[in-house]
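Working through the structure, step by step
Take a look at the letters that make up each chain.
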Amino acid sequence: MTMPTPDTIRASAARTPSLKSKLPAVGTTIFTVMSTLAAEKGAVNLGQGFPDFDCDLKLINAVLDAMNRGLNQYPPMTGVPVLREAIAAKLARLHGHSYNANLEITITAGATQAILTVILAIVHPGDEVIVLEPCYDSYVPNIELAGGTAVRVPLIPGTFRPDFDKISNAITPKTRAIIINSPHNPSGTVWLEADMLKLQDILAPTDVLLISDEVYEHMVFDGQLHYSSARFSGLAARAFIVSSFGKTYHVTGWKVGYVAAPAALSAEFRKVHQFNVFTVNTPVQYGLAAYMADDRPYLDLPAFYQRKRDLFRSGLANTRFKLLPSEGSYFQCVDISKVSDLNEADFCKWLTTEVGVAAIPLSAFYGNGFDQRVVRFCFAKKDETLNTALDRLARL
Ligand code: PMP
Ligand code: GLN
């Protein structure tokens, strides 16, 4: 018998045990994949949704001021009171619904954490959660991590408007929640007041909770309004409203957002939140609270982005892409069928590599990879970036 040498003992101790994946079908998100490819190829990145310009210096100074004042330790678990109060006051002013800042507003590490924490707090194994496809790519894995089942209801193909008959038919005794998102990523559609009223009617006789992803709330164009779930008492009573400062103030990397929900729902949310992140970046919270004293940054945002949308659309009008409407968000979808025979994903890779412009395939927002020959561009970019991209796209 040969004795194991110290080396063979070390080698076996260093073996990584195999594990059973909780998300076997999931790879790296399409946003990371396309941003990495864009960087590798030196392409203009109109894929992942984030601005390539900086935020207001006043906001940076407000955060620096908080750091200099020594506000650098753990904040309260639910978020700093001045920020919760500023959010409650804003929701009351804009949507006429009074949230109690102490009991009903919680600061989160961006909307992504907010949505995961809501789902972990409310979804039990075996519960169903309705998602409207195409949808943001974190929703379904979040539901599955909680042991729930995602019930995928398509938005109407072509228009991406909600199909309320299909939504109604998807509700069963197991339905715990429905997730909506307006303004919508990726399609850029915005729900009308009539849509929200219809949803309110459908949910009224049920105990279905609502997760209302409103991260693009201040990017609504052509004089349309953002109809927050907070404006509809029947929806607000069952809603977790999720938003993110990243989108509104051009600071996607700061990862600060919030959840507004009735006290009983917030209490359950906070039970999970405290063991999920516990607290969120203190000086950024104080900086945001100070910056929120001025309404103009978010009131001016629709005009700011509408101008960029129009610049981008007028450039694309000279190409063979077919433009879909962009009523809100910072996304513009185009039909590629007159430009290429490739499927959406291959087209996006080809466009990044050969033309030097990155985009996101809509198929990435569907569980079954549904391909409708449509890709998404993000126009939250400097004019010069958009113009460079347009010059390249004009060659197609
Ligand atoms: N929901 C939607 C629809 C989004 O587009 C995003 C932005 N990636 C998020 C949630 C997440 O926002 P955050 O960056 O604040 O986590
Ligand atoms: N919300 C952004 C998008 O849809 C970025 C999301 C992300 O990188 N996870 O592009």
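See the structure above.
These lines cover the structure that appears in this document, whether it is placed above or below. (Residues numbered from 1 in each chain as written. Chains lettered and ligands numbered in written order. Predicted model: local features only at pLDDT ≥ 70, side-chain atom pairs only at ≥ 80, totals over all residues. Heavy atoms only, no water.)

**Description of the packing of helix 5 (residues 110-122) against helix 11 (residues 263-276)**
Contact geometry of helix 5 with helix 11 gives a least axis separation of 8 Å together with a crossing angle of 120 degrees. Our classification of the angle between helix 5 and helix 11 gives oblique. Judged by the sense of rotation from one axis to the other, the crossing of helix 5 with helix 11 is right-handed. Contact residues: helix 5 offers Q113, A114, T117, V118, L120 and A121, while helix 11 offers E268, F269, V272, H273 and N276. A breakdown of the residues in the contact of helix 5 with helix 11 according to their chemical character gives six nonpolar, four polar and one charged. (Axes fitted to C-alpha atoms, helices over the stretch in contact; angles between N-to-C directions. Helix = DSSP H or I, 4+ residues; strand = E, 2+ residues; numbered from the N terminus. Parallel < 35°, antiparallel > 145°, perpendicular 65-115°, else oblique. Left-handed = near helix turned anticlockwise from the far one by under 90°. Contact = heavy atoms within 4.5 Å. Nonpolar A, V, L, I, M, F, W, Y, C, P; charged D, E, K, R; others polar.)

**Section: the sheet that holds strand 9 (residues 322-323)**
An order of 9-10-13-12 is seen for the four strands of this open sheet, with the pairing classed as antiparallel. Strand pairing shows two members of the sheet lacking a second neighbour, strand 9 and strand 12 (360-361), which therefore form its edges. Relative to strand 13 (residues 374-378), strand 12 runs antiparallel, the two being bridged by two bridges. Its bridge partner being in strand 13, I360 is matched across the sheet by R376. Sheet contacts for helix 14 (residues 301-316): strand 9, strand 10 (331-335) and strand 13; angle to strand 10, the most-contacted strand, approximately 15 degrees. (Pairing = 2+ DSSP bridges.)

**Comments concerning the pattern of salt bridges**
Within the structure shown, the criterion is met by 13 salt bridges. Note that D222 and R309 form a salt bridge whose closest N and O atoms lie 2.9 Å from each other. Of the two residues, D222 sits in the loop between strand 6 (209-213) and helix 9 (233-236) while R309 sits in helix 14, which places them 87 residues apart along the sequence. A relative accessible area of 7% means that R309 is categorised as buried. Residues K308 and D383 are paired through a salt bridge, measuring 2.8 Å at the closest nitrogen-oxygen approach. Linking K308 in helix 14 with D383 in helix 16 (residues 383-394), this pair joins segments that are 75 residues apart in sequence. For K308, a relative accessible area of 4% translates into the label buried. Residue class for D383 comes out partly exposed when judged on its relative accessible area of 23%. Taken together, the shared-partner salt bridges in this structure form one network comprising R161, D195 and E327. (Salt bridge = Lys/Arg side-chain N within 4 Å of Asp/Glu carboxyl O. Buried < 20%, exposed > 50% of the residue type's maximum accessible area, 1.4 Å probe, protein only.)

**With respect to the environment of Y227**
Here Y227 is to be found in the loop between strand 6 and helix 9. Along the chain, Y227 and V190 lie 37 residues apart, while their C-alpha atoms are 8.6 Å from each other. For Y227, the residues in contact, after removing those within four places along its chain, are W191, L192, E193, M196 and F232.

**Re the site of ligand 2**
Residues in close proximity to ligand 2 include F31, Q48, G49, Y136, N185, Y216, K247, F331 and R376, which together make up its full environment. Separating a nitrogen atom of ligand 2 from a side-chain N or O atom of K247 is a distance of 3.3 Å. For ligand 2, the accessible surface in isolation is 290 Å², of which the surrounding protein chains cover 83%. If you map ligand 2 onto the pockets, it falls in the largest pocket. Considered class by class, the residues forming the shell around ligand 2 number four nonpolar, three polar and two charged. (Near = heavy atom within 4 Å. Polar contact = N/O pair within 3.5 Å; in protein donor to acceptor, adjacent residues only side chain to side chain. Areas by Shrake-Rupley, 256 points an atom, 1.4 Å probe, with all protein chains shown as cover. 1 Å grid on protein atoms, 1.4 Å probe; cavity = no way out; pocket = protein on both sides within 12 Å on 5 of 7 lines; lining within 4 Å. Sits in = over half its atoms within 2 Å of the grid points.)

**A few points about the pairing of strand 5 (residues 175-181)**
The buried count for strand 5 comes to six of seven residues, which makes it a mostly enclosed element. Summarising the sheet, strand 3 (residues 128-133) and strand 5 pair through four bridges and their orientation is parallel. Within strand 5, the position partnered with E128 by the bridge is T175. Where strand 5 meets strand 6, five bridges bridge the pair, whose relative direction is parallel. Counted as the bridge partner of A177 is L209 from strand 6. In this region the chain leaves strand 5, passes through helix 8 (residues 193-203) and returns to the parallel neighbour strand 6; the handedness of that crossover is right-handed. (Right-handed = clockwise from strand over helix to strand, strands pointing away.)

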